[in-house]
Amino acid sequence: MSGWDEGAVFYSDQAQFPRGGGDPDQGSITRHTALRKFKEFIRGFNGEKGDFPYRESLVHSPDHLTVAMEDLDAFDAVLSDKIRKFPADFLPLFETAASEVLASLRSKVAGETGEMEEPITGEVQVFLSSKESSVSMRSVGAECMSRLVKISGIAIAASRVKAKATYVTLMCKNCKSIKTVPCRPGLGGAIVPRSCDHVPQAGEEPCPLDPWIVAPDKSKYVDLQTLKLQENPEDVPTGELPRNTLLSVDRHLVQTIVPGTRLTVMGIYSIYQASAAQKGAVGVKQPYIRVVGLEQTRETNSSGPSTFTLDEVLEFKEFAQRPDAYARLCSMIGPSIYGHADVKKALACLLFGGSKKRLPDGVRLRGDIHVLLLGDPSTAKSQFLKFVEKTAPVAVYTSGKGSSAAGLTASVIRESSSREFYLEGGAMVLADGGVVCIDEFDKMRPEDRVAIHEAMEQQTISIAKAGITTVLNSRTSVLAAANPPSGRYDDLKTAQDNIDLQTTILSRFDLIFIVKDIREYDQDKKIASHIIKVHASGAAASKSTNATEGENWLKRYIEYCRVTCHPHLSDKAAEMLQNKYVEIRQRMRQQANETGKAAAVPITVRQLEAIIRLSESLAKMRLTSVATQEHVEEAFRLFNVSTMDAARSGINEHLNLTPEIANEIKQAEAQIKRRMGIGSHMSERRLIDELARMGMNDSIVRRALVIMHQRDEVEYKRERHVIVRKA
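Quick caveat: nothing in here was measured; it's all calculated off a predicted structure.

Draft legend 1. Highlighting helix 7 (residues 325-332). Regarding helix 7, the residues found buried are A325, Y326, L329 and C330. Across the axial projection of helix 7, the buried residues extend over an arc of 130°, all falling on one side. Directly beyond the C-terminal end of helix 7, a positive phi value near 55° is found at G334.

Draft legend 2. Expanded view of the environment of Q125. Its place among the elements puts Q125 in strand 4 (residues 125-129). Accessibility expressed as a relative area gives 4% for Q125, which makes it buried. Here the alpha-carbon distance between Q125 and L253, two residues 128 residues apart in the chain, equals 9.7 Å. Excluding residues that lie within four positions of it along the chain, Q125 makes contacts with D63, H64, L65, E95, D250, R251, H252 and L253.

Draft legend 3. Structural view of the sheet that holds strand 28 (residues 722-725). The strand order 26-28-27 describes an open sheet built from 3 strands, whose pairing is antiparallel. Single-partner strands in this sheet number two, and they are strand 26 (681-683) and strand 27 (714-717). Recorded for the sheet is a direction-independent mean angle of 30° between the axes of neighbouring strands. The strands that helix 22 (residues 684-693) touches are strand 26, strand 27 and strand 28; relative to strand 26, the one it contacts most, it runs at about 80°. The strands that helix 23 (residues 698-710) touches are strand 27 and strand 28; relative to strand 27, the one it contacts most, it runs at about 105°.

Draft legend 4. Representation of helix 1 (residues 31-44) within the structure. The end-to-end C-alpha distance of helix 1, which contains 14 residues, comes to 20 Å, matching closely the 20 Å that a straight helix rising 1.5 Å per residue would cover. Three or more residues of helix 1 are buried, namely A34, L35, F38, F41 and I42. The buried residues of helix 1 occupy an angular sector of 125° when projected down its axis, which confines them to one face. Packed against the buried residues of helix 1 are helix 2 (53-60), strand 1 (64-68), helix 3 (69-75), helix 4 (77-85) and helix 5 (87-105).

Rules and cut-offs
Residues numbered from 1 in each chain as written. Predicted model: local features only at pLDDT ≥ 70, side-chain atom pairs only at ≥ 80, totals over all residues. Heavy atoms only, no water. Buried < 20%, exposed > 50% of the residue type's maximum accessible area, 1.4 Å probe, protein only. Helix = DSSP H or I, 4+ residues; strand = E, 2+ residues; numbered from the N terminus. Arc of directions from axis to C-beta. Contact = heavy atoms within 4.5 Å. Pairing = 2+ DSSP bridges. Axes fitted to C-alpha atoms, helices over the stretch in contact; angles between N-to-C directions. Expected span 1.5 Å × (residues − 1).

Function cannot be read off these values alone, since they describe shape.
And the structure:
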């Protein structure tokens with residue numbers, strides 16, 4: 001019974017806001033006291049600098065106010081506790097207090113008649129923010145009902161904006177009397193009374209039951225939008241589907257979120273009746289979260305730089321100063337994989353990334369590095385992809401055969417209840433600010449592969465489907481692994497035939513590695529002993545936690561570098577880069593003139609940008625803000641052993657041909673033409689077998705087919721199993 005002996009006026013609204021309310025503490029604060037305290041808080045809360053942050057904020061932006069829960073805790077712990085436990089009751093009071101304070105802060109203005117009038121102030125929307133850590137979506141249950149919760153995830157869909165009535169105006173059909181009924185906020189409806197309270201006069205017909213009709217033009221509305229929030233991919237337990245929950249946002253929060261954005265949400269855990277179809281289950285309701293505060297998390301990672309402790313920062317800086325930091329980082333990438341030193345260095349560059357730039361005219365230059373691994377089976381390509389997926393702060397792993405264009409970019413889905421279309425982001429959108437690993441890249445259908453062109457270079461995904469036209473962000477690095485068309489890398493074929501991907505997609509990859517399975521006695525012995533060691537020590541290592549600690553350290557270091565360091569080229573490095581690029585173009589032109597054909601991998605301005613990005617990421621690993629000549633030289637070396645090597649790989653039809661071999665190839669061509677008429681088709685295996693019975697060598701026949709294919713005399717169909725003769 002605290003508070004009764006104070007000299008205070010008690011209001012009649014205590015009947016509808018009962019003291020007690022099922023909670024013994026509820027009685028300690030009335031609506032009137034709460035309103036007064038909220039006003040005091042907004043007017044008189046002192047910030048760290050001795051200013052009044054909330055008062056100033058209200059004056060500058062009179063339609064909304066963001067309140068930190070920590071400040072409210074410091075001001076009045078009871079009030080803060082009430083807002084956490086009964087947000088639906090106390091938040092409207094907070095908003096009323098804010099609009100009243102705003103009215104008192106405004107000076108009087110001269111009206112139409114010249115008299116000084118009170119300024120008209122609209123409603124103020126209060127947003128809540130908090131520094132406490134968010135809870136998992138799976139742990140939010142019935143005990144959180146009607147309480148304040150904080151969860152994080154990715155917005156995967158956003159509905160169209162609807163108008164939600166806050167007050168419904170009803171008119172009686174019989175006596176035309178008007179009644180205004182408040183609407184419950186969020187997805188709740190209004191409770192319409194059954195009977196009219198008009199007392200009939202003598203001789204007047206009494207009002208019937210349910211006489212009310214809604215007058216929509218006299219009702220008050222606010223904007224309302226529903227979002228679908230899905231768990232962050234890194235929080236989903238292995239083998240489970242990611243959960244999603246419904247969010248409802250209103251007024252100023254509407255249309256601030258596009259699908260694919262990572263969010264941290266403060267909201268009231270509420271329920272609504274899902275649909276009229278569930279007539280039988282009256283007690284079963286669907287949960288949703290009514291958002292009262294939104295925070296978009298940073299592009300690079302889901303938690304800001306504030307989460308790094310001082311010890312960690314010092315340790316990272318100390319590590320970056322070491323002379324062998326680059327070598328140490330590369331050795332941490334895929335430690336169970338033998339060899340492939342340059343691939344590991346390239347993946348280190350991909351994980352750290354270059355610097356994003358925004359030009360004055362609004363053009364964005366990407367800082368993400370794309371890598372393609374092309375080569376023989378069993379050369380640890382998929383292992384590299386799996387390692388990067390585990391190590392990158394944000395990563396999505398997909399396989400080429402199981403991915404469609406809509407699954408990679410975004411799909412338009414029709415909602416079952418409202419029958420309206422909404423957007424759902426795919427892998428490239430969900431991995432915004434991270435890495436997309438695409439395995440079996442060559443098995444993708446060409447029309448699906450085209451869908452990621454825009455995402456790789458412009459870093460956006462444009463959608464124009466089912467009346468929805470929009471642009472989604474997809475600032476991701478792409479790491480792809482592919483096999484050559486014939487399964488293995490064939491040295492008898494030219495680079496074009498081995499790299500069976502279009503020039504348009506190849507030019508978007510910064511580094512293209514050709515990974516071959518070379519049969520050498522010494523190397524095979526080393527690889528065999530390494531694999532046996534890995535298997536032997538695997539059982540022992542699974543019990544110790546050192547490996548996971550190393551992985552976590554690398555993940556944290558990558559996050560720290562990406563957040564804090566944004567290097568740029570020095571003048572000397574820029575000049576050196578320019579000269580080298582011109583030299584490479586000259587060499588490629590010379591090669592094209594000699595062979596009469598363009599290189600399989602084009603060297604364009606994109607490749608120059610690729611070397612700039614590589615130099616920046618090498619500088620970022622050392623936490624230096626300037627990329628020097630040394631970084632540019634290492635970037636060029638990586639570029640030479642990967643993309644340039646791929647462009648020069650394979651045989652040329654004019655090289656390595658002795659007169660005898662050339663003669664045999666001519667004979668094989670004649671036999672092929674005799675065996676196949678123009679327009680006929682035949683299995684490659686069968687043709688080679690038939691010519692082998694005539695005493696011809698397999699490799700000679702294959703080489704003859706390659707040369708005929710280059711001259712466009714034969715064409716391959718059905719993944720190169722069937723040959724069709726064209727001329």
